[in-house]
Amino acid sequence: MSDSEEHHFESKADAGASKTYPQQAGTIRKNGFIVIKGRPCKVVEVSTSKTGKHGHAKCHFVAIDIFNGKKLEDIVPSSHNCDVPHVNRTEYQLIDISEDGFVSLLTSDGNTKDDLRLPTDETLLGQIKEGFDGGKDIVVTVQSAMGEEQICALKDVGPK
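Our subject in this report is the structure included herewith.

Rules behind the numbers
- Residues numbered from 1 in each chain as written.
- Predicted model: local features only at pLDDT ≥ 70, side-chain atom pairs only at ≥ 80, totals over all residues.
- Heavy atoms only, no water.
- Helix = DSSP H or I, 4+ residues; strand = E, 2+ residues; numbered from the N terminus.
- Buried < 20%, exposed > 50% of the residue type's maximum accessible area, 1.4 Å probe, protein only.
- Contact = heavy atoms within 4.5 Å.
- Expected span 1.5 Å × (residues − 1).
- Arc of directions from axis to C-beta.

**Overview of unusual backbone geometry**
Then comes step 1: Phi is positive for N31, which is not a glycine, with a value near 70 degrees.
Then comes step 2: The phi dihedral of M146 is positive, around 50 degrees, even though this residue is not glycine.
Then comes step 3: Along the polypeptide, M146 turns up in the loop between β10 (136-145) and β11 (148-159).

**Focus: the side chain of T20**
Then comes step 1: Looking at where T20 falls in the secondary structure, it is placed in strand β1 (residues 20-24).
Then comes step 2: A relative accessible area of 18% places T20 in the buried class.
Then comes step 3: In contact with T20, not counting residues within four places along its chain, are V35, D83, V84, P85, H86 and M146.

**A short note on helix α1 (residues 122-133)**
Then comes step 1: With 12 residues, α1 ought to run about 16 Å at 1.5 Å a step, and its terminal C-alpha atoms sit 16 Å apart, in line with that.
Then comes step 2: Inspection of α1 places L124, L125, I128, G131 and F132 among the buried residues, and these make up the whole buried set. Looking down the long axis of α1, one finds its buried residues gathered within 140 degrees of arc, a one-sided arrangement. Every exposed residue of α1 that faces more than 90 degrees away from the buried side is listed here: E122, T123, E130 and D133.
Then comes step 3: Positive backbone phi, at 75 degrees, marks G135, one or two positions downstream of α1.

Structure below.
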């Protein structure tokens with residue numbers, strides 16, 4: 001191979017980084033994140049039981065899936081590790097809403113992102129459509145975890 005050859009790689013990869021990281025169950029608190037049944041969830045309630053005659057203290061987690069809102073529960077020994085999802089929130093400016101329910105977003109580097117659907121939450125959906133139809137500049141917050149992305153909030157920046 002000569003030195004003059006150039007290699008171009010798509011920058012979509014995250015260098016093989018894991019979608020989750022381990023954290024001891026006893027250290028996970030309310031409003032933290034946890035993976036239950038393969039789904040990224042936000043913890044809404046944690047209770048810890050005392051150690052039994054032969055065992056560990058156990059943590060009982062009640063959590064809500066951050067993408068579909070379903071309530072999930074799990075019981076884990078407090079000394080064991082749980083998977084915690086890497087949750088990122090990114091803001092994009094809304095450019096367009098297509099007929100089939102997809103949105104066109106402007107990224108911070110000037111490119112467009114066209115692979116996201118409108119949220120299923122009725123109030124958020126109504127606010128986005130109302131603001132967009134009213135000709136306002138809208139910035140949406142996209143939450144991503146474990147390879148899934150969803151619009152979770154919006155900011156009204158004002159008129160165009």
